[in-house]
Amino acid sequence: MRLAKLPKFLTALTAVLAGAGAVLAPTTAATAAPAANCVTDAKLVPSCGVLWGGAAGGFTSTPRDQALKTWEAASGRTASLFHQYHKGDEAFPTKAEIAMTNDPANPRVLLLNWKIAYGSSWAKVAKGEQNKRIDAFAARAKAYGKKFFLVLNHEPENDVVAKKGSGYEAKDFAAMYRHTIKRLRSQGVTNVVNVVAYMGNEKWMAQNWWADLYPGDDVVDWIGLDSYVSVEKGYYHFGGFADLLDRKPKGGGLGFYDWAVTKHKGKPVMVAEWGAYHRVGRNTDKSAVYNGVVAELQKRPAIKAIVHFDTKKDDQGDRDISIDSTKASLAAFKKLAANPIFKVKIG
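Residues numbered from 1 in each chain as written. Predicted model: local features only at pLDDT ≥ 70, side-chain atom pairs only at ≥ 80, totals over all residues. Heavy atoms only, no water.

Named according to an unreviewed UniProt entry, the protein chain is Glycoside hydrolase family 26 protein originating from Actinoplanes sichuanensis. UniProt lists a comment for the protein chain under the heading Sequence similarities (unreviewed entry), and it reads "Belongs to the glycosyl hydrolase 26 family." (UniProt positions renumbered as here; feature names shortened; annotations may be inferred.)

Written as structure tokens, this is what we have:
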């Protein structure tokens, strides 16, 4: 999550899943509350239901594993996906992350964001200048052994420098992504499930370079996005869960969800970050957003995972995205978390 100052706030609280009138019609297996065994396959796609995930303690000094456990206790459900963030030469999965996935009573899978080009550039990574960094990660990934999700430079739209030779053009992101995944495969890494995670903001989706970001179906396993909605009427991106999913590019065109299911048919979609926010100190009930989640998921069967980002203050310190800012909000979120649609066994 990167929440920018207004008006650049467009860059971070908005990654978008659009297309309420989805191209794919809901199916019983994908949308009904699971009555039997929902399990994940080799690419961690559930056979039914939707994976439930969380990231907690953002922009605080609280250890993320401890923050997630506190969030799980408050919400009443273990997060099947444990979302963490890394950059550059940081060694991960960390001991704490590994321990979180070794708890038999609370099975979890890692969802790891990696800014591989930290201190470098997308273009330089694509040229092989960070192969040592990639190979070191490959060794750790193989040693870890378990399946996990890997996002390379989430929300790339915010980092694009649309200037020839910048090293951060949209095409450089795609090249960086392709090079990294192919390099990992050449090193024998088979337990990484690749996710490309967009912001999907209406401003960025309208840019003439936006399509150039996509790395290619052969190196992308899941299509993800980070999207948020306001519960303060009249404030930026006010609306319900449907609004969080259905924004479209400025000037018209396919919304994110419709783009994903038509242009990249068959790819599972992950809401890699989501939440409802109000300004700090202006506590507003978030129940309407939480109460609408399941019904909206049922209209969009390609969505196979949702991951809540929880924090009392965003990166600018003025927006509250926590589930418990009001008692009513927490009660509604606990009801959402208890829905059997999220009962998926990690296979």
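Picking up where we left off.
Evaluated as defined, the whole model comprises 28 aromatic pairs. Note on Trp-210 and Trp-259: the rings are 4.9 Å apart at their centroids and 65 degrees apart in plane angle, and the pair reads as edge-to-face. Of the two residues, Trp-210 is situated in the loop between α7 (202–205) and β6 (222–230) and Trp-259 in helix α9 (residues 256–263); the sequence distance between them amounts to 49 residues. Both rings, one in Tyr-290 and one in Phe-333, keep their centres 4.9 Å apart while their planes meet at 75 degrees; by these two values the pair is edge-to-face. Note that Tyr-290 is positioned in helix α10 (residues 287–291) and Phe-333 in helix α12 (residues 327–337), a separation of 43 residues in sequence. Of the two residues, Tyr-290 and Phe-333, neither departs from the other in class, the shared state being buried. Here the aromatic residues Trp-52, Trp-71, Phe-241, Trp-274, Tyr-290, Phe-333 and Phe-342 are joined through ring pairs into a cluster of three or more. The ring of Tyr-118 has Lys-87 sitting right over it, with the charged end atom 5.3 Å from the ring centre. (Phe/Tyr/Trp six-rings, centres within 6.5 Å; stacked < 30°, edge-to-face > 60°. Helix = DSSP H or I, 4+ residues; strand = E, 2+ residues; numbered from the N terminus. Buried < 20%, exposed > 50% of the residue type's maximum accessible area, 1.4 Å probe, protein only. Lys NZ or Arg CZ within 6 Å of the ring centre and 35° of its normal.)

Attention shifts here to the UniProt feature "active site" (unreviewed entry) in the protein chain. When the UniProt feature table is mapped to this numbering, "active site" (unreviewed entry) covers Glu-155 and Glu-273. Separation in sequence by 119 residues is not matched in space for these annotated residues, since their most distant C-alpha atoms are only 10.4 Å apart. Considering the arrangement of structural elements, one finds Glu-155 in the loop between β4 (148–152) and α6 (170–186). Among the structural elements, Glu-273 can be located in strand β7 (residues 269–279).

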